[in-house]
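Fold and contact review
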Amino acid sequence: MNTLDWSDHDFATAAVRAGHQRSNEGENAEAIFTTSSFVFDSAAEAAARFQNNAPGNVYSRFTNPTVRAFEQRLAALEGGESCIATASGMAAIMSTCVALLAPGEHVVASSGLFGSTSQFFKKYLTRIGNPVSFAQIDSIDDWAARITPQTRMLFVETPSNPLTQLADITALAALANESNALLVVDNCFCSPVLQRPLELGAHLVIHSATKFIDGQGRCVGGAVVGDKKRVGEDILGFLRTAGPTMSPFNAWVFLKGLETLELRMQRHCESALELARWLDQHDAVSKVYYPGLQSHPQHALCREQQSGFGGIVSFEVAGGTRERAWQIIDNTKMLSVTANLGDAKSTITHPATTTHGRLTDQDRADAGIGQGLLRIGVGLESVADIKADLDRGFSV
Ligand SMILES: *Cc1c(COP(=O)(O)O)cnc(C)c1O
């Protein structure tokens, strides 16, 4: 059973079964191997395993059976050869950049990235010698204009957070190939259920497993998926040395999360579409950002590139002020006021003062994140109750 090729199976099957290597105890649910190190049969075997000359576990900073099960399952779902799990989504982004970029190599990234990704690029990656330029996510001409002879990586988050702008992954992959650069896609908002960037030509996929993969807001974790050389050798080599590793317990939680991911994404998408249509008609709202609306400028691209519109809806409150946005948040009673998303519990966030609060006013304005913007991570509650709670917020 363990040697089945999961690419021959449907997504739902791989999500439940891929990567599970049953131990001699015959457990049906995956075991959690909470051990820091592993015992060798002999000194010679220890030496061989340390030098990668014999298969088997060594030390949980870079080899752990529970973490490996999660990596193999996610690799199967994204259609990648190799996956490396990391301590967080940010650790996945950091490991990818540090492991794959030589000093002086340049990155072009989409503007309107997740706040910490943007900070990491501007404050730290640049400091260790990799300049980063930012392109308008939806303009392939702008991406092309920012490429220099030193460019080795294009980094994109699509749909973007919180404004749900899309990049055309196929077009960006072609541009990356022409430029001898890698296309890295942060697939956190879609998960492999809605979008498989490797099939569209991307070289690497990044995940914050913290979000939809966990799905119940319990653990922080991340992953990189791609080819064996870059992920299974170069990024694994960095992880082995530098240590931003996923814990076995968290890997187990994420394994369980993957089993229900497809079912949950269907519900997130259905409820988000209904909520977006309702907000679009609401007097208390001046603009809605959701790719499932016909009025979204990239609705057609979304239909081509994704198999669902996603679970994140953002909107501008009428009046557009921070005071009004905060008043609405403070008058809801059920929605969780938190920066997380992809949770069973719906969340409400004021990006300008939380997730994107560390950006300069200019950077925030460039990213289009106003003081009147609110973001809903649509959860699994009944959508009628989510609307009722927002109406409580609007009605003051
Ligand atoms: C949350 C998030 C990250 C960072 O992941 P962590 O697990 O919080 O480190 C990266 N990208 C996107 C799009 C995110 O939403």
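Please refer to the structure higher up on the page.
What counts and what doesn't
- Sequence positions are assigned chain by chain, starting from 1 and proceeding in written order.
- Confidence filtering applies because this is a predicted model: local features only for residues at pLDDT of at least 70, side-chain atom pairs given and counted only at 80 or more, and all residues used for totals across whole chains, interfaces and linings.
- As a rule here, side-chain values cover all heavy atoms of the structure and leave hydrogens and water aside.
- Numbering of helices and strands runs from the N terminus; a helix is a DSSP stretch of H or I covering at least four residues, while a strand is a stretch of E covering at least two.
- Atoms considered for the radius of gyration are the C-alpha atoms alone. The globule rule reads 2.2 Å times the number of residues to the power 0.38.
- Only protein chains enter the accessibility calculation, which uses a 1.4 Å probe. A residue is then buried if its area is under 20% of the maximum for its type, exposed if over 50%, and partly exposed in between.
- In what follows, residue pairs with any heavy atoms lying within 4.5 Å of each other are defined as contacts.
- To be clear on the numbers: accessible area is Shrake-Rupley with a 1.4 Å probe, and residue cover counts the displayed protein chains and nothing else.
- Nearness is defined per residue: one heavy atom within 4 Å of the molecule or strand is enough.
- By the criterion applied in these results, polar contacts are pairs of N or O atoms within 3.5 Å in which, for protein atoms, one can donate a hydrogen and the other can accept it, and in which residues neighboring in sequence qualify only through two side-chain atoms.
- Polar here means any residue outside two lists: the nonpolar Ala, Val, Leu, Ile, Met, Phe, Trp, Tyr, Cys and Pro, and the charged Asp, Glu, Lys and Arg; Gly therefore counts as polar.
- Every axis corresponds to a line fitted to the C-alpha atoms, with the helix fit spanning only the stretch in contact, and the corresponding angles, defined between N-to-C directions, vary from 0 to 180 degrees.
- Any angle that falls under 35 degrees is termed roughly parallel, while one over 145 is termed roughly antiparallel, one within 65 to 115 roughly perpendicular, and all others oblique.
- Only strands joined by at least two bridges in the DSSP assignment are considered to pair.
- Should the near helix be turned counterclockwise from the far one by less than a right angle, the crossing is left-handed, whereas a clockwise turn marks it as right-handed.

**Examining the overall build of the protein chain**
- Summing up its helical and strand segments, the protein chain has 14 helices and 12 strands in all.
- Over its C-alpha trace the protein chain gives a radius of gyration of 21 Å, about what one expects of a compact globule, namely 21 Å for 396 residues.
- Its C-alpha atoms give the protein chain principal-axis dimensions of about 75 × 50 × 35 Å.
- Counting only residues that meet the buried cut, the protein chain has 56% of its 396 residues in that class.
- For the protein chain, the proportion of contacts with a sequence separation of at least 24, taken over those separated by at least 6, is 72%.
- Working note: accessible area of the protein chain is about 16600 Å², and carbon and sulfur atoms make up 50% of it.

**Quick word on the site of the ligand**
- All residues in the neighbourhood of the ligand are listed as Ser88, Gly89, Met90, Phe114, Glu157, Asp186, Cys188, Ser208, Thr210, Lys211, Val220 and Gly221.
- Contact between the ligand and Met90: an oxygen atom at 2.9 Å from a main-chain N or O atom of the residue.
- In this structure, an oxygen atom belonging to the ligand sits 2.6 Å away from a side-chain N or O atom of Thr210.
- Calculation on the ligand without its partners gives an accessible area of 380 Å², and the protein chains cover 92% of this total.
- Residue classes in the shell around the ligand are distributed as four nonpolar, five polar and three charged.

**Considering the packing of helix H4 (residues 89–100) against helix H9 (residues 228–242)**
- One way to put it is that H4 packs onto H9 with a least axis distance of 9 Å and a crossing angle of 95 degrees. The orientation of H4 with respect to H9, classified from their angle, is roughly perpendicular. Residue-level contacts link Met94, Ser95, Thr96, Val98, Ala99 and Leu100 of H4 to Arg230, Asp234, Ile235 and Phe238 of H9.

**Things to note about the sheet that holds strand S4 (residues 151–157)**
- What the seven strands build is an open sheet, ordered S1-S7-S6-S5-S4-S2-S3; its pairing is mixed. Single-partner strands in this sheet number two, and they are strand S1 (82–86) and strand S3 (132–135). Shown here is a sheet whose adjacent strand axes are inclined to one another by a mean of 20 degrees, direction ignored.
- Against the sheet, H4 touches S1, S4, strand S5 (182–186), strand S6 (204–208) and strand S7 (222–226), its axis set at about 150 degrees to S6.
- The strands that H9 touches are S1, S5, S6 and S7; relative to S1, the one it contacts most, it runs at about 25 degrees.

**Quick notes on the packing of helix H12 (residues 322–331) against helix H14 (residues 383–394)**
- Contact geometry for H12 and H14: axes closest at 7 Å, N-to-C directions at 130 degrees. Here H14 runs oblique to H12, going by the angle between their axes. Here the hand of the crossing between H12 and H14 comes out right-handed. Of the residues in H14, those in contact with Arg324, Ile328 and Asn331 of H12 are Arg392, Gly393 and Phe394.
- Considering only residue class, the contact of H12 with H14 consists of two nonpolar, two polar and two charged.

Read these as layout, nothing more, since geometry by itself doesn't imply function.
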